[in-house]
Amino acid sequence: MSDNSKNIAERFGSMVFNDKVMKERLPKDVYKALRKTIANGTHLELDVANVVASVMKEWAVEKGATHFTHWFQPMTGVTAEKHDSFIMPDGEGRAIMEFSGKALVKGEPDASSFPSGGLRSTFEARGYTAWDPTSYAFIKDNTLYIPTAFCSYSGEALDKKTPLLRSMEALSRQALRVLRLFGHNDCKRVVSSVGPEQEYFLIDKSMYLKRPDLMYCGRTLFGARPPKGQEMEDHYFGAIKNRVSKFMREVDEELWKLGVYAKTEHNEVAPAQHEIAPIYSESNIATDHNQLIMELLKSVAAKHGLTCLLHEKPFAGINGSGKHVNWSISTDTGINLLEPGDTPFENAQFLLFLVAVIKAVDDYQDLLRVSVASAGNDHRLGANEAPPAIVSIFLGDELTEILNALENDTLYVGKGKTLMEIGATVLPHFPKDTTDRNRTSPFAFTGNKFEFRMLGSAFNIAGPIIVLNTIVADVLKQFTDELEESKDFRVDLSKLIKRTIKEHKRIIFNGNGYDPDWVKEAERRGLSNLKTTPDALPAFIRPKNVEMFVRHNVFSEHEIHSRYEILLENYSKTINIEALTMMDMVNKYVIPAVIAYQNELAQLVLSKKSLGADIPVSLEENLLSKIARLADCLGKRLENLSQQTIAVREIKDKLELARAYREKVCTAMNELRLVVDELELLVSSRHWTLPTYTEILNSV
Ligand code: ADP
Ligand code: MG
């Protein structure tokens, strides 16, 4: 091992209060009590917490920490933190460093300005944060970060972490029931694991600072197509530029210190686009780590004079950024429940979990769609760069054929003609299907996990994981309720699997998701196609979905309604900010450029004409008249956008408002953009002060 790699091994997790540190530093009984809390989710006694806190503080201070913060994930989608210092007066004019068990396990951020969809105003004004001991504390920027859940005093979740933990519980509970039926009495917990792949853009900071749209909206609101975009596909997996590679190194280093197994980094399809993926971990840890990755991408970029764009669609006409959530479920004894096994019995179990996921995705397509709905993601889904807004499952031809054979009791001809009997024959070994290379499927089985590919790059992954965990838990509950009554397990299991395949195979689609014919075919199959966020969100509050969440104690009815309102508000606010930014930029940059250039041309035409008749002026005149016509249109469309933005303010109903933003304001914005982009192509670069797409995308 080289010195550097030895150092990496030493530095990995060096800023994390992880199991190794706890074991080394905590008194044995305290360590045991804490482990029990972590493993079983039981309550942490205050005397134990006090010892943990004081040891944690000692460790943190040794590492240079002066402050601590309860770190949480409110509904805004970014993480929040409120820093307190460890400093306490000792009563004699000096300061001591203190950190109590109470301060560790519970915090009271003044959080009245976080969105709660009315939860806090109706129940209890204050919210509190509670340590999630299953996610390790860590040090960043001389601050001890304590991962927490954020609740109201009446116990209602105000964040994304609380329901995520609840959904993990629900899934574990139901999956364990299935495992008992198969005789696995040794398992105590089932965990869902997630490996998120994160895409992002990297541009020079100077470009960012010259584009108010990037600064306020995260995406460009104008920008003519560059002469060279991504059509040559020369960026994908291409050599990483020196500056970018230095940036990536530092991101890795920082993440490793925080115990994040950052692994793969490469260029993506679009110019200036990249991807980072850590090795998978348990859902809640993966969620915390993905938040850390997003934060660090931004802060490390700033140190390198760069800006990291996490928006789903920073540039029109150029592929946007997504996030793939690789998801699997496994036992605490290390069995991946989505991995085909070697014995008939294991395979019967695999098939049951597989068809449970198939049924869950089919029954709750609408909820999965809700979980990936946002103003930013509306630009990607169905736009031939990301999966369509229609949810379907890719299984690969081979596995699909096996399910067909099982359903119909026909011979499976893939590998010799065999009649397969559930629980009696072994599944043939089928290779991981590679026909899904084009990545057009929203939900793909990739050998021993599913890959959910509809997320936008800016998402907190908790939302989609909550839905996945809970809908699968729900189907497993239905299955076990039925099978626990069975007199002949093998026969009834077989019937159940066959029936489920028959009833839900419509959700399986192995073809090209970008093909326009798929939209028609999906409609014939009765699959839902919720195109935009306002189309999708009402599905959240459908009675069947509310009942499902309530049944598993993941959300209360009230929590769902408040979240639904927050999502609608977020959507409307986002479009409103974009519209205001757009109008501002047209007034401050576009109109002055257009006027100045027209003036220059008009002056030139006049002076040329005054010199005599035989000097041609057609070039200037034609250009001037073209620009003048566009300028006229620009004024009208700007006025229209302004009126639409004012008109929607009258609408009180939140869903109506979101719809109006999409139908009226978005449409007016798109129309305005078209003229601006045409003008950009005609106006001289001396007058056009906004950096162009070519400049931005080639700035690093
Ligand atoms: P790709 O072929 O899509 O580039 P990889 O096989 O490298 O993907 O995996 C992408 C992500 O999936 C990584 O974060 C990886 O750790 C994660 N992953 C691998 N196996 C599992 C699993 N069993 N459960 C959840 N995530 C997994
Ligand atoms: Mg992948």
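Just so you know, these numbers come straight off a predicted model, no measurement behind them.

(A) Geometry of the overall build of the protein. Summing up its helical and strand segments, the protein has 23 helices and 20 strands in all. In terms of C-alpha radius of gyration, the protein reaches 28 Å, essentially the compact-globule figure of 27 Å for 700 residues. Principal axes of the C-alpha set define a box for the protein whose edges measure 105 × 85 × 60 Å. Within the protein, the proportion of its 700 residues that are buried is 46%. Across the protein, the fraction of contacts at a sequence separation of at least 24, relative to all contacts at a separation of at least 6, is 75%.

(B) Fine view of the domain arrangement of the protein. One can read the domain layout of the protein as domain 1 (3-159), domain 2 (168-555) and domain 3 (570-697). Using only C-alpha atoms to locate each centre, domain 1 and domain 3 end up separated by 50 Å.

(C) Spotlight on the nonpolar core. Ranked by size, the top nonpolar core spans 192 residues in total, and within it Met 56, Leu 202, Ile 203, Leu 352, Ala 356, Val 361 and Val 472 carry the most contacts. For this core, the element with the highest residue contribution is helix H20 (residues 557-611), accounting for 15 residues. Ignoring any residue separated from it by four or fewer positions in sequence, one finds Ile 203 in contact with Tyr 208, Ala 272, Leu 306, Thr 307, Leu 309, Ile 696, Ser 699 and Val 700.

(D) Up close: the environment of His 289. Within the fold, His 289 resides in helix H11 (residues 283-303). Sequence spacing of His 289 and Leu 258 is 31 residues, and the spatial spacing of their C-alpha atoms is 8.8 Å. Non-local contacts of His 289, meaning those with residues more than four positions away in its chain, are made with Val 260, Pro 278 and Ser 281.

(E) Broad picture of the environment of Met 15. Counting through the fold element by element, Met 15 comes out in the loop between helix H1 (3-11) and strand S1 (16-17). On the basis of neighbour counts, which here come to 23 C-beta atoms within 10 Å, the residue Met 15 falls in the buried class. C-alpha separation for the pair Met 15 and Ser 192, spaced 177 residues apart in sequence, amounts to 25 Å. Excluding residues within four positions of it along the chain, Met 15 makes contact with Lys 63, Phe 138, Ile 139, Lys 140, Lys 257 and Leu 258.

(F) Representation of the site of ligand 1. Every one of the 14 residues lining ligand 1 counts as a neighbour, but Gly 195, Tyr 280, Asn 326, Ser 328 and Lys 449 are closest to it. Listed by contribution, the elements that provide at least two residues to the shell around ligand 1 are strand S10 (190-204), strand S12 (273-278) and strand S15 (322-331). The leading source of residues in the shell around ligand 1 is S10, at four residues.

(G) Main features of helix H10 (residues 242-257). Between its first and last C-alpha atoms H10 spans 23 Å; for 16 residues at 1.5 Å apiece the expected length is 22 Å, and the two agree. Positioned one or two residues after H10, Gly 259 has a phi angle of 80°, which is positive.

(H) Region of the structure containing the pairing of strand S20 (residues 450-456). Taking burial as the measure, the seven residues of S20 include seven buried ones, the bulk of the element. The pairing of S15 with S20 spans five bridges and is classified as antiparallel. From the neighbouring strand, Lys 323 faces S20, where its bridge partner is Leu 455. Two strands pair when backbone bridges link them, and strand S19 (residues 443-445) and S20 are joined in this way by three bridges, in the antiparallel orientation. Across the sheet, Phe 443 pairs through a bridge with Phe 452, a residue of S20. Hairpin geometry of S19 and S20 is characterised by an intervening segment of four residues between the two adjacent antiparallel strands and by a positive phi of about 100° at Gly 447.

(I) Representation of helix H19 (residues 543-551) in the model. Those residues of H19 that sit buried are Asn 545, Met 548 and Phe 549. Buried residues along H19 cover an arc of 95° about the axis, so they all sit on one side. Across H19 from its buried face, at more than 90 degrees, point the exposed residues Pro 543 and Glu 547. Looking at the packing, one finds that the buried side of H19 touches helix H13 (365-371), helix H15 (462-483) and H20.

(J) Representation of the environment of Glu 569 within the structure. In this structure, Glu 569 sits in helix H20. Leave out the neighbours within four places in its chain, and Glu 569 touches Pro 115 and Lys 654.

(K) Up close: the pairing of strand S9 (residues 143-152). Along S9, 10 of the 10 residues are buried, which leaves the element largely enclosed by surrounding structure. Here S9 shows a buried face lined by Thr 143, Tyr 145, Pro 147, Ala 149 and Cys 151 and a second buried face lined by Leu 144, Ile 146, Thr 148, Phe 150 and Ser 152. Taken together, the five bridges between strand S2 (residues 67-72) and S9 define a ladder with parallel strand orientation. Along S9, the bridge assignment pairs His 70 with Ile 146. Judged from the five bridges that link them, strand S7 (residues 127-131) and S9 form a sheet pairing that is antiparallel.

(L) Up close: the packing of helix H21 (residues 618-647) against helix H22 (residues 654-682). Close contact between H21 and H22 brings their axes to 9 Å; oriented N to C, the two are set at 160°. Here H21 is positioned roughly antiparallel relative to H22, judged by the angle of their axes. Here H21 runs over H22; the crossing is left-handed. A per-class count over the contact of H21 with H22 returns 16 nonpolar, three polar and five charged.

(M) Unusual backbone geometry, seen in detail. The backbone of Asp 141 sits at a positive phi, close to 50°, despite the residue not being glycine. In this fold, Asp 141 is placed in the loop between strand S8 (137-140) and S9.

(N) Summary view of the confidence of the model for the protein. The predicted model of the protein has a mean per-residue pLDDT of 91, with 95% of residues at 70 or higher. As a predicted assembly, this complex carries a pTM of 0.94 together with an ipTM value of 0.97.

(O) Layout of the packing of H20 against H22. Look at H20 against H22: their axes get within 10 Å of each other, and the N-to-C directions meet at 25°. By the angle between their axes, H20 is roughly parallel relative to H22. Crossing angle aside, the handedness with which H20 passes H22 is left-handed. Counted by class, the contact of H20 with H22 contains 18 nonpolar, two polar and four charged residues.

What counts and what doesn't
- Residues numbered from 1 in each chain as written.
- Chains lettered and ligands numbered in written order.
- Predicted model: local features only at pLDDT ≥ 70, side-chain atom pairs only at ≥ 80, totals over all residues.
- Helix = DSSP H or I, 4+ residues; strand = E, 2+ residues; numbered from the N terminus.
- Rg over C-alpha atoms; globule rule 2.2 N^0.38 Å.
- Buried ≥ 20, exposed ≤ 12 C-beta atoms within 10 Å, placed from the backbone.
- Contact = placed C-beta atoms within 7 Å.
- Domains from an automatic or database assignment.
- Core = buried A, V, L, I, M, F, W, Y, C linked by C-beta atoms within 7 Å.
- Near = placed C-beta within 6 Å.
- Expected span 1.5 Å × (residues − 1).
- Pairing = 2+ DSSP bridges.
- Arc of directions from axis to C-beta.
- Axes fitted to C-alpha atoms, helices over the stretch in contact; angles between N-to-C directions.
- Parallel < 35°, antiparallel > 145°, perpendicular 65-115°, else oblique.
- Left-handed = near helix turned anticlockwise from the far one by under 90°.
- Nonpolar A, V, L, I, M, F, W, Y, C, P; charged D, E, K, R; others polar.
- pLDDT = per-residue confidence, 0-100.

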